[in-house]
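Each chain is listed here by its residues.
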Amino acid sequence: MATTPSPDRRRTADEVNEDIRALWLRAGGRLRADERLVYERLVTEWAEAEANSSPTHAA
């Protein structure tokens with residue numbers, strides 16, 4: 001699972017969401033402390049990707 005985007009390319013919200021779903025699936029619905037940290041980073045990355053994909057976002 002890639003949790004850090006490459007510096008030259010940001011992942012889409014859909015790509016990050018795939019990692020979030022995979023994390024929950026592997027964890028069986030319960031996150032350990034280390035998994036919680038990964039989850040929090042992924043959610044932050046997802047929110048940024050979602051905001052940047054908004055049609056009103058100015059590049």
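See the structure above.
Quick caveat, the model's predicted, so the values are computed rather than measured. (Residues numbered from 1 in each chain as written. Predicted model: local features only at pLDDT ≥ 70, side-chain atom pairs only at ≥ 80, totals over all residues. Heavy atoms only, no water.)

Student: So what about helix α1 (residues 13-27)? Which residues, and what values?
Tutor: Look at α1: 21 Å from first C-alpha to last across 15 residues, which is about the 21 Å you get at 1.5 Å a residue. Among all positions in α1, only A13, V16, D19, I20, L23 and A27 are buried. Projected down its long axis, α1 carries its buried residues within an arc of 125°, all on one side. Exposed residues pointing more than 90 degrees away from the buried face of α1 are listed as D14, E18, R21, L25 and R26. Close packing links the buried residues of α1 with α2 (33-52). (Helix = DSSP H or I, 4+ residues; strand = E, 2+ residues; numbered from the N terminus. Expected span 1.5 Å × (residues − 1). Buried < 20%, exposed > 50% of the residue type's maximum accessible area, 1.4 Å probe, protein only. Arc of directions from axis to C-beta. Contact = heavy atoms within 4.5 Å.)

Student: Let's hear about the packing of aromatic side chains: which residues, and what values?
Tutor: Under the counting rule described, the total for this entry stands at 1 aromatic pair. Taken together, a centroid distance of 5.4 Å and an interplanar angle of 80° make the contact between W24 and Y39 edge-to-face. You can see W24 sitting in helix α1 and its partner Y39 sitting in helix α2, a full 15 residues away along the chain. Classification of W24 by relative accessible area gives partly exposed; the value is 28%. (Phe/Tyr/Trp six-rings, centres within 6.5 Å; stacked < 30°, edge-to-face > 60°.)

Student: Any details on the pattern of salt bridges? Residues and values, ideally.
Tutor: One pass over the full model with this rule turns up 5 salt bridges. We note a salt bridge from E15 to R9, for which the minimum N-O separation is 2.8 Å. Judged by relative accessible area, which is 42%, R9 ranks as partly exposed. In this structure, E35 and R32 form a salt bridge, with 3.5 Å as the shortest nitrogen-oxygen distance. (Salt bridge = Lys/Arg side-chain N within 4 Å of Asp/Glu carboxyl O.)

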